[in-house]
Amino acid sequence: MPRITITVDGITYQEDVEPRLLLVHLLRDRLGKTGTPIGCDTGNCGACTVMLDGVSVKSCSVLAVQSDESDVVTIEGLARGNEWHPMQKAFHEEHALQCGYCTPGMIMAAIDLLRDDPDPSEETVREGLEGNLCRCTGYCNIVRAVRRGAREMSQRSAGERAEQEVPTP
Amino acid sequence: MSEQLDAGMIAEQIAESDQLSRPTDAREIGRARRRKEDARLVTGRTTWTDNIQLPGMLYVAFLRSPMAHARITRVDTSAARTRPGVVAVYSGQDFADEQGSLPCAWPVTEDIVIPDHPPMAVNEVRYAGEAVACVVATDRYKAADALEAIEVDYEPLEAVVDMTEALTEGSPKVHESGNKAFTWKFAGGDIDAAFRDAPVVIDRTYVQQRLIPSAMEPRAVVATTDGETFTLYSATQIPHVLRVMLALTTGIPEHRLRVIAPDVGGGFGSKLQVTAEEVLGLLITRRLGKPVKWTESRSEGNLTVHHGRDQLQRISIAAERDGRIRGVRVDLLADMGAYLMLVTPGIPILGAFMYNGIYKMDAYDFTCTGVFTTKMPTDAYRGAGRPEATFAIERAVDELAHELGIDPIEVRRRNWITHEEFPYTTICGLTYDSGNYEAATDKALALFGYDKLRAEQADRRDRRDPVQLGIGVSTFTEMCGLAPSRVLGSLSYGAGGWEHSSVRMLPTGKVEVITGTSPHGQGHETAWSQIVADTLGVPFDDVSVLHGDTSISHKGMDTYGSRSLVVGGIAVLQACEKVKDKARQLAAHMLEASADDIEFAGGSFNVRGTGSGKTIQELALATFAAHDLPDGFEPGLDADATFDPDNFSFPHGTHLCAIEVDTETGESKIRSYVAVDDVGSVVNPLIVEGQVHGGIAQGIAQALFEEAVYDSEGNMLTTTMADYLIPSASDLPDFTTDRTETPATSNPLGVKGVGEAGTIASTPAVVNAIVDALRPYGVHDVRMPCTPERVWRTVAEAGETAWAGPPSAGDTTAWVGPTAAGDTTAWVGPTAAEGTESEGGDR
């Protein structure tokens, strides 16, 4: 059985995995990362989206062995301590979730789509989230949340840059 | 030296430690509160059933029938038993003596046929996906592997997937008794008089395609026992009803069975069920003495989560030349699938009361035949019967408008119940307590820009633009808030419709609310907290709401049919009122005043005209200490309440859709969607808006995208989310939603319920818009889902004929086919066959 090394939300694990084990099952059943749910078995719904080396992937469509030597961030690793990520906050503020089952994947996909366009239009958001299905919200509030989260993220990163630029006394 | 325990001193200490918070002045009810539930949901700290891991847990996987209809002649599980990690393998035969029959709790007629429905098939399978055997193994992969080693011999029997065919003589029988489950009739007024010499008769048949509810969370079950007591975790909407039903089905005594619905990832009716997997989970844990888990895959779910809709509706309207409706006649075939599940037969019956819509009329006649086919059973799906009814009447009223050359909005105005006429008892015998259809419609028209869009439509028609603009309207009402129990009883429903709540003040002044409702995305924790905060005068954050665990919330009727706020929320309010009454007594005692002189404001009980008072938190602590209570006063500020309203509630609204239809490609694009809903008084506008948005999306999905498709052999062709098209963000527009508020008079909060409104209204609005776009091509209907291919084909078949004007009334006056005696075998008109064998995959 292959042994892989994988870092998940900042902790490094060594795991023996069957070659067919899906990344999502490794996360959920072995590492206790149950924040990432499974909504389908065909890669269509996006509920299981996580960041793999900084890029969003559907973890039901990645084998655990493929994630050897990689860095995974799940919804549980997104907040800084008790401070939510701006996108998490934005989903809450805009009432962009109801049952919440699609929410972890939706937040991950939303953050990823901002890499290409930090200030996306409504249309860009709708297209960017095409691979993530929600059955509760009708998407209106999700779209609003992603755009709000985007604004807050650019403010935050501008703030962080400014902080870094402040010369140390 | 130890100090004597003193309530006042404790209160001071707690106040110092900032535990005893003070109420805010702002009213909570009506406020757009962000949800409490979100914290765990956006951070991934949820308790979905599949997240639960118990020591020594085993995994169950089901072997499912690949055939729609077959006799099982042999099941050999011996090879599977030897596979690695396998603990046990069972066939239906292994559980034949103890698995019982899955319950149907709504026998709508006395002569209804309710076939035996074993959780695992024993002798015969009647739909593809029916469980035949199962493996219990140490992990989910090993369980799935071992399924392949089970040998089953089937003797194929003929499938029957089409309802009209199922009712034809000589058709393959789904059950020995035949394919008719029941015929249910309902009438008001003199229908023959209404149709006799009617100047105009509209006679149409509509297909309500079969839908898969597709909650994002697949079903999951965890069952465990300590030998004496049993615990079942299930992704269910109905933990309370489920416990009763499972106790009756499995023989596990009710008091030793605890059902827990943890975080549940959506339901839409699909988790309003007693499923085979829940029953078998308990039976397996009883045999093995180990915890077991089963989690559905999506493809398994598409086959075996009960489906929705699937009706063939024939609707006929008799009307005057000025558009006034005389009467409506409905003859319905409802596909039950292979068995009757929990409320399968009741779904079309719920719709029976809504085919008259918001209109006044002299007569109404309804007949429904429940038909068995070799498909997955149908049951509740968002709106349950009412979307189907609203679709038929709203489509038919549009046809009436077209026939008469009157604007569809105007035809509605000429028929609807006016604001002054409420309360109004309809021809169906329901009393609509309040409503204002004019206000909702006027507001919707203004937001929509109706006249401007009509002008653009005329221009496009003049230019023969290949992209036509269609405008669709849907006005609706629904009966929700199920209760009243005695009315449900008169409809043979197997349970009541009351709801229960307990409210308890904790010693530190915080409040725990126990509710019998079982939310799965509706935000009860937030909305109930708002009700409690206002009623008891405590801070919103000081309230927590407990639900979904029968050992905590010991009685309830759960969450479905938009009943939670209308029934359950009122129970919370009433329990709070009882707590307040008790607190008032104690305040009077402590303040040495008469209870009549105590005023309650902002969480404080004050003696009128004096400065002295006690906060409700101080009183809660005083009852904990119990040092100085009135004679006979039971310590604790807590109370139970059960509410059973004396009427349904009747939300209503007007939805408008503008759609661009490319007649060359068949593609439809919603240009704008406006919804003005009246759900009575509003507790949380944010939640209301969210529910409306989601409902609209699901209704649009039926109109444009979704259909569960079986081939003629009964094989399902839409088993995955790649084949069954749930709309994504890019398929839908932004919705414009607004409200009018006409409070309900049947409950003290004036609330009406909102969960189903969007779904009910949107499907006919969209299809009316598509047909409106295509009228110049002589098109009068497009079957749902209105996929590009189907629209393109409809236009191509109609030909490039110019606008022909209203057809002559003579064509449609004759009512053909069965109207009495329930002889639906002579059904005439389009069958459901079109589309059931193909066309699953275009978007």
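Residues numbered from 1 in each chain as written. Chains lettered and ligands numbered in written order. Predicted model: local features only at pLDDT ≥ 70, side-chain atom pairs only at ≥ 80, totals over all residues. Heavy atoms only, no water.

What follows deals with the overall build of chain A. Per the secondary structure count, chain A includes five helices and five strands. Going from the N terminus to the C terminus, chain A shows its helices and strands as β-β-α-β-β-β-α-α-α-α. For a compact globule of 169 residues, the expected C-alpha radius of gyration is about 15 Å, and chain A comes in at 17 Å, within 12% of that figure. By sequence separation, contacts in chain A at least 24 residues apart represent 58% of the contacts at least 6 residues apart. In the structure as shown, chain A presents an accessible area of about 7000 Å², 47% of it carried by carbon and sulfur atoms. With 17 positive and 26 negative side-chain charges, chain A shows a spacing of 4 Å between the two charge centroids. (Helix = DSSP H or I, 4+ residues; strand = E, 2+ residues; numbered from the N terminus. Rg over C-alpha atoms; globule rule 2.2 N^0.38 Å. Contact = heavy atoms within 4.5 Å. Areas by Shrake-Rupley, 256 points an atom, 1.4 Å probe, with all protein chains shown as cover. Lys, Arg positive; Asp, Glu negative; His and termini not counted. Charge placed at Lys NZ, Arg CZ, Asp CG, Glu CD.)

Our focus in this paragraph is the UniProt feature "domain: Aldehyde oxidase/xanthine dehydrogenase a/b hammerhead" (unreviewed entry) in chain B. Taken from the UniProt record, the annotation "domain: Aldehyde oxidase/xanthine dehydrogenase a/b hammerhead" (unreviewed entry) applies to residues 43-158 of chain B. For residues 43-158 of chain B, the helix share is 11%, the strand share is 30%, and the end-to-end C-alpha distance is 51 Å. (UniProt positions renumbered as here; feature names shortened; annotations may be inferred.)

Take the pattern of salt bridges next. Side chains bearing opposite charge may pair, as long as their charged atoms lie close to each other. If you walk through the whole model with that rule in mind, you get 79 salt bridges over all chains. Ionic pairing is found between Arg395 of chain B and Glu399 of chain B, a salt bridge with its closest N-O pair at 3.2 Å. Highlighted residues: Arg395 of chain B and Glu399 of chain B, both in helix 11 (residues 386-404), separated by four residues, approximately one helical turn. With respect to class, Arg395 of chain B is no different from Glu399 of chain B; both count as buried. One salt-bridge network, in which partners are shared between bridges, spans Arg28 and Asp29 of chain A together with Asp50, Arg140 and Lys293 of chain B. (Salt bridge = Lys/Arg side-chain N within 4 Å of Asp/Glu carboxyl O. Buried < 20%, exposed > 50% of the residue type's maximum accessible area, 1.4 Å probe, protein only.)

A few words now on the confidence of the model for chain B. Residue and element names in this part refer to chain B. With 92% of its residues at a pLDDT of at least 70, chain B reaches an overall mean of 93. Predicted confidence is poor over residues 17-24, with pLDDT under 50, and the contacts of this stretch with residues over four places away or in other chains come to 19 contacts. With pLDDT under 50 throughout, residues 802-843 is counted as low confidence; its partners more than four residues away or in other chains account for 101 contacts. In the predicted complex, the global pTM is 0.93; the interface-specific ipTM is 0.96. (pLDDT = per-residue confidence, 0-100.)

All names here are of chain B. Strands sit in the order 7-15-14-13-8 across an open sheet of five strands; the sheet is mixed. Because the sheet does not close on itself, it has two edges, and the strands there are strand 7 (180-188) and strand 8 (200-211). Here the strands of the sheet are splayed against their neighbours by 10° on average, with no regard to which way each runs. For strand 14 (residues 325-337) and strand 15 (residues 363-372), the ladder comprises ten bridges, and the chain directions are parallel. (Pairing = 2+ DSSP bridges. Axes fitted to C-alpha atoms, helices over the stretch in contact; angles between N-to-C directions.)

Moving on: the interface of chain B and chain A. Residue-level contacts link 56 residues of chain B with 48 residues of chain A. Summing both sides of the interface, chain B and chain A together bury roughly 4400 Å²; the carbon and sulfur share of this comes to 53%. Area buried by chain B at its contact with chain A is led by Val42, Tyr141 and Met216 of chain B, which between them contribute 18% of it. Counting the contacts that link chain B with chain A gives six salt bridges. A salt bridge links Asp145 of chain B to Arg20 of chain A, with the nearest nitrogen and oxygen atoms 2.7 Å apart. Where chain B touches chain A, the interface holds 28 residue pairs in polar contact (both at pLDDT 80 or more). Ranked by residues supplied to the side of chain B that touches chain A, first place goes to helix 19 (residues 685-704) of chain B with ten residues. Looking at the side of chain B that touches chain A, its residues break down into 24 nonpolar, 19 polar and 13 charged. (Buried area = accessible area lost by both parts, 1.4 Å probe. Polar contact = N/O pair within 3.5 Å; in protein donor to acceptor, adjacent residues only side chain to side chain. Nonpolar A, V, L, I, M, F, W, Y, C, P; charged D, E, K, R; others polar.)

Residue placement: Thr137 of chain A occurs in the loop between helix 4 (122-128) and helix 5 (140-165). Within the structure, the side chain of Thr137 of chain A is placed 3.0 Å from the backbone nitrogen of Tyr139 of chain A, a separation counted as a polar contact. Those residues within four positions of Thr137 of chain A in sequence are excluded, and the remaining contacts are Ala96, Leu97, Gln98 and Ile142 of chain A together with Gly690, His693 and Gly694 of chain B.

So, about the sheet that holds strand 4 (residues 124-125) of chain B. All names here are of chain B. Spatially, three strands are ordered 4-2-6 in an open sheet, and the strand pairing comes out antiparallel. Sheet topology places strand 4 and strand 6 (151-156) at the edges, where each strand pairs with a single neighbour. Strand direction decides the pairing type here: strand 2 (residues 70-76) and strand 4, joined by two bridges, are antiparallel. Note on strand 4: the bridge partner recorded for Arg71 is Glu124.

All names here are of chain B. At their nearest, the axes of helix 7 (residues 239-250) and helix 8 (residues 276-288) sit 10 Å apart, and the two run at 55° to each other. As judged from the angle between their axes, helix 7 and helix 8 are oblique. Like other packed secondary-structure pairs, helix 7 and helix 8 cross with a definite hand, here right-handed. Residues Leu242, Leu246, Thr249 and Thr250 of helix 7 form the contact with helix 8, whose participating residues are Glu278, Val279, Leu282, Leu283 and Arg286. Residues of the contact of helix 7 with helix 8, tallied by class, amount to five nonpolar, two polar and two charged. (Parallel < 35°, antiparallel > 145°, perpendicular 65-115°, else oblique. Left-handed = near helix turned anticlockwise from the far one by under 90°.)

Turning our eyes to something else, we now look at the pairing of strand 10 (residues 230-234) of chain B. Residue and element names in this part refer to chain B. For strand 10, the buried fraction is high: five of the five residues fall into the buried class. Burial along strand 10 is two-sided: the residues Phe230, Leu232 and Ser234 and Thr231 and Tyr233 are all buried. Two strands pair when backbone bridges link them, and strand 9 (residues 220-225) and strand 10 are joined in this way by five bridges, in the antiparallel orientation. Within the sheet, the bridge partner assigned to Val222 lies in strand 10 and is Tyr233. Connecting strand 9 to the next strand, strand 10, in antiparallel fashion are four residues, including Gly227 with a positive phi near 100°. The sheet contact formed by strand 10 and strand 11 (residues 257-260) spans four bridges and is parallel. The residue bridging Leu232 from the neighbouring strand is Val259, located in strand 11.

Right, let's talk about unusual backbone geometry for a bit. Backbone torsion omega between Phe422 of chain B and Pro423 of chain B reads -5°, so that peptide bond is classified as cis. Note that Pro423 of chain B resides in the loop between helix 12 (408-415) and strand 16 (424-425). The linkage connecting Met784 of chain B with the following residue, Pro785 of chain B, adopts the cis geometry, with an omega of -10°. Within the element layout of this structure, Pro785 of chain B appears in the loop between helix 20 (757-774) and helix 21 (788-798). Its identity is not glycine, yet Asp9 of chain A carries a phi of approximately 50°, on the positive side. With respect to the secondary-structure elements, Asp9 of chain A resides in the loop between strand 1 (3-8) and strand 2 (11-16). Phi is positive for Ala483 of chain B, which is not a glycine, with a value near 35°. In this fold, Ala483 of chain B is placed in the loop between strand 18 (467-477) and helix 15 (485-490). Judged by relative accessible area, which is 0%, Ala483 of chain B ranks as buried.

Moving on, we get to the side chain of Arg28 of chain A. All names here are of chain A. Turning to its location among the elements, Arg28 is positioned in helix 1 (residues 23-30). For Arg28, a relative accessible area of 3% corresponds to the buried category. At 2.9 Å, the side chain of Arg28 and the backbone oxygen of Thr36 are in polar contact.

All names here are of chain B. Its twelve residues give helix 7 an end-to-end C-alpha distance of 16 Å, which sits within 8% of 16 Å, the value for a rise of 1.5 Å per residue. Counting buried residues along helix 7, ten of its twelve residues qualify, which places the element largely inside the surrounding structure. Listing the buried residues of helix 7 in full gives Pro239, His240, Val241, Leu242, Arg243, Met245, Leu246, Ala247, Thr249 and Thr250. Contacts from the buried residues of helix 7 go to strand 10, strand 11 and helix 8. Of the residues flanking the end of helix 7, it is Gly251, one or two places downstream, whose phi is positive at about 80°. (Expected span 1.5 Å × (residues − 1).)

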